[in-house]
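Coordinate analysis (summary)
Given next are the chains, with one letter for each unit.
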Amino acid sequence: QVQLVESGGGLVQAGGSLRLSCAASGSAFSIKDEGWHRQAPGKQREQVAYITTDGSTGYADSVKGRFTISRDNAKNTMYLQMNSLKPEDTAVYYCNADVVDYGLGRENNYWGQGTQVTVSS
């Protein structure tokens, strides 16, 4: 079993920055593609950014130029640097990863528990 744990959320004023982290833990696994999603109250969950095994990245139009996704494979940790935050970025942010779980002998998709980001105007 693999666990994803997000951290780094909080309250920030518009124009400010936050860095989210997503740490994966478990035994005998390797992470493939992963990404960040968010869900605002009353709205559907949407993908914000993704990063592939070879380091390719993609972003939602609403965050391009402001957010940067990265990963530290040695630490099994993914990051989301969020700059120039806007009130409309307020949401619960979730990390998601496709993981090869060698213990289970198959690939699984995992979600973290979410971290709240609130941007005040």
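Structural notes, computed from the coordinates. (Residues numbered from 1 in each chain as written. Predicted model: local features only at pLDDT ≥ 70, side-chain atom pairs only at ≥ 80, totals over all residues. Heavy atoms only, no water.)

The phi angle at N76 is positive, at roughly 50°, despite the residue not being glycine. Relative to the helices and strands, N76 is located in the loop between strand 7 (67-72) and strand 8 (77-82). With phi around 50°, S84 is a residue other than glycine that occupies positive phi space. Counting through the fold element by element, S84 comes out in the loop between strand 8 and strand 9 (91-101). (Helix = DSSP H or I, 4+ residues; strand = E, 2+ residues; numbered from the N terminus.)

What follows is about the nonpolar core. Grouped together as the largest cluster of nonpolar side chains are 30 residues, with contacts concentrated most on L4, W36, F67, L80, M82 and Y93. If you list the elements that add at least two residues to this core, you get strand 1 (2-7), strand 3 (18-26), strand 4 (29-39), strand 5 (46-51), strand 7, strand 8, strand 9 and strand 11 (115-120). For this core, the element with the highest residue contribution is strand 9, accounting for five residues. (Core = buried A, V, L, I, M, F, W, Y, C linked by side-chain atoms within 4.5 Å. Buried < 20%, exposed > 50% of the residue type's maximum accessible area, 1.4 Å probe, protein only.)

Here the focus is the environment of I69. Relative to the assigned elements, I69 resides in strand 7. Relative accessible area serves as the criterion here: at 5%, I69 is assigned to the buried category. Between the C-alpha atoms of I69 and G55, which are 14 residues apart in sequence, the distance is 9.8 Å.

In this fold, N73 is placed in the loop between strand 7 and strand 8. Along the sequence, N73 and T53 sit 20 residues apart, while their C-alpha atoms lie 9.6 Å from each other.

Quick look at the pairing of strand 10 (residues 106-111) now. Pairing analysis gives six bridges linking strand 9 to strand 10, with the strands arranged antiparallel. Residue pairing for strand 10: D101 is matched across the bridge by R106. Where strand 9 hands over to strand 10, the hairpin turn is made up of four residues, of which G105 adopts a positive phi near 75°. (Pairing = 2+ DSSP bridges.)

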